[in-house]
Amino acid sequence: RCSNLDGSHWFPPCSSIRRTHEESRMIIGIVNADFEPIIPVSVCDFDGKFYTQDAIVDTGFNGWLSLPPSLIAQLNLRWKRRGRAILGDGSECIFNVYEAVVVWDGVLLTIPVDEADSEPLVGMSLMEGYQLMVQVVEDGRVELSKVDVG
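Quick caveat, the model's predicted, so the values are computed rather than measured.

Colleague: Describe the layout of surface pockets, with residues and values.
Modeller: Considered as a void within the structure, the largest pocket measures approximately 440 Å³ in volume. Looking at the largest pocket, it is lined by 21 residues, and the ones nearest its centre are Phe61, Ala85, Leu87, Phe95 and Asp114. For the lining of the largest pocket, the secondary structure elements donating two or more residues are strand S6 (78-86), strand S7 (92-104) and strand S8 (107-115). Of the residues forming the lining of the largest pocket, the biggest block, four residues, is contributed by S6. When the residues that make up the lining of the largest pocket are grouped by side-chain class, the tally is eleven nonpolar, five polar and five charged.

Okay, structure coming up:
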């Protein structure tokens, strides 16, 4: 899934994307053949170009975003610290945490990115304040929309 990093999906420099609160829109994705909800995530590289990467929506992951080491290296993300997690089997995992700028619902966010030897994952911290709706059929629709709490 990282093959689109050849530059064919780059967007303007990070600072050129802005959106007001009123212009917020829905994040749309699709359910794949393995019944995984997939959404696109745009990540800014060290040179200020955005690359769009498909990521699995993982409601069991309470972090923000995880990316594989090869993609983190290609984007030249800035290392911040080490992280620690307890996995489902009770084992402990130590991992690197990086910092990235992403486009989330049209807004630039600086978030922590966990390094993981897996497909890219979007976690619950990134989805905070959003409603997730999934049509659990192959090619079903995935929708993330901002929750109105006012």
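Colleague: How would you explain the packing of aromatic side chains if you had to name every residue and give the values?
Modeller: A complete count under the given rule lists one aromatic pair for this structure. Taking the centre distance of 5.8 Å and the plane angle of 75 degrees together, the rings of tryptophan 104 and tyrosine 130 count as edge-to-face. Highlighted residues: tryptophan 104 in strand S7 and tyrosine 130 in strand S10 (residues 130-134), separated in sequence by 26 residues.

Colleague: Quick rundown of the confidence of the model for the protein chain? Include the residues and the values.
Modeller: Confidence in the prediction of the protein chain, expressed as mean pLDDT, is 86, and 83% of residues score 70 or more. Mean pLDDT per element in the protein chain: strand S1 (residues 10-11) is the minimum at 42, and strand S9 (residues 121-122) is the maximum at 98. Of the regions scoring below 50 in pLDDT, residues 1-23 engages in 47 contacts with residues more than four places distant in sequence or in other chains.

So, how was this worked out
Residues numbered from 1 in each chain as written. Predicted model: local features only at pLDDT ≥ 70, side-chain atom pairs only at ≥ 80, totals over all residues. Heavy atoms only, no water. 1 Å grid on protein atoms, 1.4 Å probe; cavity = no way out; pocket = protein on both sides within 12 Å on 5 of 7 lines; lining within 4 Å. Points joined across faces, edges and corners; volume = space filled by probe spheres on them. Helix = DSSP H or I, 4+ residues; strand = E, 2+ residues; numbered from the N terminus. Nonpolar A, V, L, I, M, F, W, Y, C, P; charged D, E, K, R; others polar. Phe/Tyr/Trp six-rings, centres within 6.5 Å; stacked < 30°, edge-to-face > 60°. pLDDT = per-residue confidence, 0-100. Contact = heavy atoms within 4.5 Å.

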